[in-house]
Each structure stands twice: as structure tokens, then as C-alpha cells.
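Structure assessment
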Amino acid sequence: MSERHLSEQEIIRRQKLQQLQELNINPYPPESFEINVTAKDIKENYERDKLNYKNISIAGRILSIRDMGKAAFAVIQDATEKIQLYIKRDEICPGEDKTLYDVVWKKLIDIGDIIGVNGYVFTTKTGEISIHVLTFKLLAKALKPLPVVKVDESGKVHDAVTDPEFRYRQRYVDLIINPHVKNIFIKRTKIIQSIREYFNNKGYLEVETPVLQPIPGGAAARPFITHHNALDIPLYLRIANELYLKRLIVGGFEGVYEFAKNFRNEGIDRTHNPEFTGLEIYVAYKDYLWMMEFTEQMIEKVVTDLYDTTDLEVEGKIINFKAPFKRMTIVDAIKEKINIDISLCSEHELRELCKKHHVEVDETMGKGKLIDELFSALCEKELIQPTFIMDYPIETSPLTKKHRNKPGFVERFELYINGQEIANAYTELNDPIDQYHRFEEQVKLKQKGDDEAMYMDYDFIRALEYGMPPTAGLGVGIDRLTMLLTNQHSIQEVIFFPQMRPEKISEPETETTS
RNA sequence: GAUUCCGUAGCUCAGUCGGUAGAGCAUUACACUUUUAAUGUAAGGGUCCCGGGUUCGAGUCCCGGCGGAAUCACCA
């Protein structure tokens, strides 16, 4: 066991812990502390209904203390809000013994400690709704000092902890001291709840499908690989759940969806985390045109549930989420930019176009990929208002049904908002023979060295051979959608514990064991 | 993976030309019965991210590493 390096303040707090125990105060009591009110409730309703707040019980974490001789003020924060406490020595210590105030409160209670209090609500002479404390109880002693963030009269925040490394590694502290952070995550949950409600109201079934998959399918991405000892086989963490949900459509469910943690073994940046949340939904007897309406209504509902409006300011731009959204084919989107119909271009001409517009290409890229690159470079960033981009080239969409009247293209759309891809949807390919050939193409790509090409999945083909009804499917990146709807620039701000390099724990010098 | 920037007290940050390590908050002690960035007086607190190099002397300059951020690349 190595001795942990403790700061001066940490040593003092450990000494206080001992002193508390010597006073027969358990710093970590086991029993429940019953509360009957929240800080938010008090702040919102006390003025209207003062009689209801004569005998309250509330618990929270101490954020600041202002001792003033024989009385003191403190601020505690519960799950909802901050609220001020007023503590008078002679009220919490009515007898001769003033230990509880002079020693326990003034010496042994610190910022960061969690306490429960009983008392009544009143308004101070400066007009702040506060709790007049009659009794208090220590519920948990904090051994590490909490960073103190102060807000002045004008609302300006002083000494805010903004260091991203500190905030992400110690998110628990971030959530305590940066109230807006908590709000982002509450919104994230509301977004998911809103979507779930939308689906459930339509009678679709929420399901669970495997995270550990013998063949990682449904997307083009490098998987994480692991090993199952008992079966002695490799297993992959899912990169998508698409193929399993479609198997359920084959099985007779007519609407299934899943909020799925997916895993991709790729770079980490502002918009990518190795594990992220995808939502996928499949609805039988529908096509991608139906799915477009379904999607825009879903997005409009989510925004309205969240903000009671359909206009949102994101990165300084007003985005209007009122359905219907603009629709445009990928061919038209590019034509609008460079006045060339790329559906008429040969692969060689596409390559020249890419060069002309400084789009990096390599030999392995086919027609579909080149069109995709052109679109990304020329159009993507400018799609600020919600826009469906439709009818993608077939090469990059191996799970999508061929377009009903455009050879070489598929029935696929992506929804772009604020220059970001938010959703991706198809009329699903349900022709088992076509699907088999598409997989074969992917396998060829894999053999050429494309480590993101898809694997052949014979069981999925077998499922399709039993017959899958015509189906529309949709995938939504929940993290990206949350970023958009909470106006956050980085995915790390919408994931509680974003992936980071492990902290290096400096080991003190130890004797090498033989 | 490339480039740029950053790393100093528990937190937020200064640190000049290379010359004994600084402030505010927090902490400790004392005072103070309606304060609110409470106040007043005093005190303690440092692996200047790590390792080399240059130098009489390095928080500061150079090289390497570690960690983080941004941009780019990659990720349809």
C-alpha cells in the first residue's frame, strides 16, 4: 500500500472527521433523512403559500458559509436549486452547552459537506428567501475541498472551473459547481423521453438486441474486439444494431426501436466518442418518403417538448424546426453549388471534379464515394436549416433498397441540421439475393484492405430469405442531436464520462518484487 | 497521426531580461446575532506536469516524454 499524498486541507479534514467521531457524531450516518421539500419548491412557492413552509426538512451540499459571531449564513444545494440557511447559535443550542454551534458548526462543518436541516422558511431583510435552521445533521463529510465558485451581485461568475480535463475527469465535481452542466444532461434525458413517448404513442415496441456480436454489422466502422472464454470465440462490440432490428421485423414485429450504445474503434474528437448512443427504428410496410415525414414530426415534437417553441438559436443562428423540412437530392445539392449534374459524370470526370474543388481522393474510391466526398466538401456545412438530402449513390449504401426509378441510386435520406448529419434513413433492402450481392461487394472491398467494409452475414441473409416486409428504417445520433438542441460545440459536453486517456497514477518508489 | 497553444498552492490565475515562488478565493486562529463575491486582523500551504541539456544560476531558454484543448487528417 502506498501512502497517498494529502494536501494540507485534506489532512485537516481527516482530523475533523476524527473530532466528530470523538463527539459521537457519525460523519456517515446510515439511516434515512426524510425531506419534505426541495429548494426549488421553496423558491417558487413560498411567497404564495407561506403557511406551508413552517416546518420543513431539506438536505443538500454546503456551497458556502458566512460565519458571523453568534449567527451564520450558509448556502446549500439540493438536486433542484441553491438555498440560503440562517443559523443562530442560541437556537440550535438552547442550553448552556454551545458545542454544537461553536465546535461542530463553526469548526467541523466545511464547504462540500452534505447536511440535512429542519426549520422554517423566512425572508431576510435583504429579501432573500432563506431557511431559518432549528436543527441540522451531518449526512456526509467531504474529505476533499470543493472548488469554490462565487457569483457576484451582477451575476458574474468568479473563479469558475473551466479546465476541460478537470471537468471531464471529475464530472461529479463539474456537476456540483457548474449548474448549467447539469441542465444539459437533464435536457439529454428529456430528448430521449420525448422520442420514446412519440414512438410508444404510435404503438412501436422498444426492444434490446445484442451488444456482443459475432459479426459486427449494420455500419461501416472499425469494431472493438473481445473474446468469449467459454465459447472460445472472438466477439465484437456492436457498431450498430440495424441487422438485429431487421431480424425482428422478419419475426413479425411491425415497429421496433432501440436506444443503443454503439462502439467504434476510431479517433476521438469534438464530434466522436468511442461509445455513443444511436437510436434506430424500423417500421414495416413503410418507405423512406413516409419516414421523412415521421422524422420531421419527431424532431419538431422533441424541440417543442424541450423549449415550447420551434425556433432555436444554435451557435448564433436561428434554426426553425417546424415541419415540413426542405428536401433535396444529393445530385441537386451538388448541382446547386457547381452547376454540374454529377449523375451524368463518369468516375474519371468525378475524380477531376474532386481535384478541381480540392477534395482529397485516392485510388480506391469508386463513383459513390467520390460523390459523397464532393457533397461533404461542397454542401454539408451550409445546410443550416433542417434539410433532407435524398437518393444516395448505391455503392455507399449496401443495406438500402435500389431507387424505384433512378438507376445507380438508393432510397436513402440523411437529415442535416446546422451543417451536421443528425439522422440517416432508408427504404430497407429486403431482397435477399440483392442483399447477398451487396455483401459480396463489401467482402471484396475488405479483401482490398478496406477495414471498414462490411462482413458477410449469412444468418441475416437467411432471415431475409424467409421474407421481410417492405420496411423503412431510421437512425439518429442521440449525442449529436443533444449537442444541437443544447447548443454545445463538443460531444464531451453531452456525455457524462467522455473517453479520455487514463490518468497516470504516479507510483512511489517501490522495491521490485522477485 | 500532423500542427499550434496550454500545464505554477485545493480552485482561478500572475510571474518582467534567466537571479530567494506571488495574488484572490479556499484553509487555520481570533473578532463579529440578517450576511450574500460578507467583513477586519494574523498565519500556514509549492514535486512550478516528468526527465534530460545549456548556464555560476532555469518556473522562465533548448531537447525528449506525459496529459489536455483547438484546427486539420481519419471516421460515409
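Just above, that's the structure.
In short, a report on the structure. This is a predicted model, so every value here is computed, not measured.

With an omega of 0°, the peptide bond running from Ala323 to Pro324 counts as cis. Tracing the sequence through the fold places Pro324 in the loop between strand 15 (317-320) and strand 16 (326-329). Backbone geometry at Asp308 places phi at a positive 60°, although glycine is not the residue there. With respect to the helices, strands and loops of the structure, Asp308 is situated in the loop between helix 9 (288-307) and strand 14 (311-314).

Our focus in this paragraph is the sheet that holds strand 17 (residues 387-390). Spatially, eight strands are ordered 8-12-13-20-19-18-17-16 in an open sheet, and the strand pairing comes out mixed. Taken across any chain shown, the strands that pair with only one partner, and hence form the sheet edges, are strand 8 (205-206) and strand 16. Summarising the sheet, strand 18 (residues 412-417) and strand 19 (residues 420-427) pair through six bridges and their orientation is antiparallel. Bridge assignment links Leu415 to a residue of strand 19, and that residue is Ala423. Against the sheet, helix 7 (residues 179-201) contacts strand 8, strand 12 (255-263) and strand 13 (275-284), and its axis sits at roughly 155° relative to strand 12.

The next thing to look at is helix 8 (residues 242-250). Of all nine residues that make up helix 8, seven are buried, and the element is covered over most of its length. Within helix 8 the residues assigned to the buried category are Glu242, Leu243, Tyr244, Leu245, Lys246, Arg247 and Ile249. Gly252, located one to two residues past helix 8, shows a positive phi value of around 110°.

What follows is about the packing of helix 9 against helix 15 (residues 478-486). Direction vectors running N to C along helix 9 and helix 15 enclose 50°, while the axes themselves pass 12 Å from each other. Judged by the inter-axis angle, helix 9 sits oblique to helix 15. The handedness of the crossing between helix 9 and helix 15 is right-handed. Residues Ile299, Val302, Val303, Leu306 and Tyr307 of helix 9 form the contact with helix 15, whose own contacting residues are Leu481, Leu485 and Thr486. Here the contact of helix 9 with helix 15 is composed, by residue class, of seven nonpolar, one polar and no charged.

For the rest of this paragraph, the subject is the environment of Lys369. Considering the arrangement of structural elements, one finds Lys369 in helix 12 (residues 367-378). The spatial distance from the C-alpha of Lys369 to the C-alpha of Leu237 is 26 Å, given a sequence separation of 132 residues.

Right, let's get into the protein's contact with RNA strand B. Taken together, 55 residues surround RNA strand B, and among them Glu8, Lys16, Thr126, Glu266 and His272 come closest. For RNA strand B, the backbone makes up 60% of the atoms found within 4 Å of the protein, where backbone means sugar plus phosphate. Here Thr396 contributes a backbone N or O atom positioned 2.5 Å from a base nitrogen of RNA strand B. Only helix 1 (8-22), strand 1 (56-68), strand 2 (71-77), strand 3 (82-88), helix 4 (99-108), strand 6 (150-151), helix 5 (164-169) and helix 12 provide two or more residues apiece to the surface near RNA strand B.

To continue, consider the pattern of salt bridges. For the structure on display, the rule yields 39 salt bridges. For Asp113, the salt bridge is made with Lys141, and the minimal N-O distance between the two is 2.7 Å. Separated by 28 residues along the polypeptide, Asp113 in the loop between helix 4 and strand 4 (114-123) and Lys141 in the loop between strand 5 (129-140) and strand 6 bring together distant segments of the chain. Note on Lys141: relative accessible area 5%, which makes it buried. Where Asp174 meets Arg167, a salt bridge forms, and the shortest distance between an N and an O atom there is 2.9 Å. Neither Asp174 nor Arg167 differs from the other in exposure class; each is buried. Via salt bridges that share partners, Arg13, Lys16, Asp110, Asp113 and Lys141 belong to a single interconnected network.

Before going further, it helps to examine the side chain of Asn178. Counting through the fold element by element, Asn178 comes out in the loop between helix 6 (171-177) and helix 7. On the basis of relative accessible area, Asn178 is assigned to the buried category, the value being 6%. At 2.7 Å, the side chain of Asn178 and the side chain of Asp174 are in polar contact. Sequence-distant contacts of Asn178, defined by excluding residues within four places in its chain, comprise Val161 and Arg167.

Another aspect to go through is the packing of aromatic side chains. Within this structure, the stated rule accounts for 18 aromatic pairs. On the basis of an interplanar angle of 50° and a centroid distance of 5.9 Å, the ring pair of Tyr198 and Phe199 is categorised as tilted. Members of the aromatic cluster, connected to one another through ring pairs, are Tyr198, Phe199, Tyr204, Tyr257, Phe259, Trp290 and Phe294. If you follow Arg247 out to its NZ or CZ, it ends over the ring of Tyr244, 4.6 Å from the centre. Taking the ring centre of Tyr455 as reference, the NZ or CZ of Lys446 above it sits at 4.4 Å.

Counting 41 residues, the largest nonpolar core has Ile195, Phe199 and Leu485 as its most contacted members. Here this core takes nine residues from helix 9, the largest share from any one element. Setting aside residues up to four positions removed in sequence, Ile195 forms contacts with Phe259, Leu279, Met298, Val302, Ile478 and Leu481. By size, the runner-up hydrophobic cluster in this structure holds 30 residues, among which are Ile62, Ile83, Ile87 and Cys93.

Moving on, we come to the sheet that holds strand 1. Strand pairing within a sheet occurs via backbone hydrogen bonds; the two strands may be parallel or antiparallel. Taken together, the five strands give a closed barrel; going around it, the order is 1-2-3-5-4, and neighbouring strands pair in mixed fashion. The average undirected angle you get between the axes of adjacent strands in this sheet is 50°. Across six bridges, strand 1 lies against strand 4 in antiparallel orientation. Bridging across to strand 4, Ser57 finds its partner in Asn118.

Rules of the game
Residues numbered from 1 in each chain as written. Chains lettered and ligands numbered in written order. Predicted model: local features only at pLDDT ≥ 70, side-chain atom pairs only at ≥ 80, totals over all residues. Heavy atoms only, no water. Helix = DSSP H or I, 4+ residues; strand = E, 2+ residues; numbered from the N terminus. Pairing = 2+ DSSP bridges. Contact = heavy atoms within 4.5 Å. Axes fitted to C-alpha atoms, helices over the stretch in contact; angles between N-to-C directions. Buried < 20%, exposed > 50% of the residue type's maximum accessible area, 1.4 Å probe, protein only. Parallel < 35°, antiparallel > 145°, perpendicular 65-115°, else oblique. Left-handed = near helix turned anticlockwise from the far one by under 90°. Nonpolar A, V, L, I, M, F, W, Y, C, P; charged D, E, K, R; others polar. Near = heavy atom within 4 Å. Polar contact = N/O pair within 3.5 Å; in protein donor to acceptor, adjacent residues only side chain to side chain. Salt bridge = Lys/Arg side-chain N within 4 Å of Asp/Glu carboxyl O. Phe/Tyr/Trp six-rings, centres within 6.5 Å; stacked < 30°, edge-to-face > 60°. Lys NZ or Arg CZ within 6 Å of the ring centre and 35° of its normal. Core = buried A, V, L, I, M, F, W, Y, C linked by side-chain atoms within 4.5 Å.

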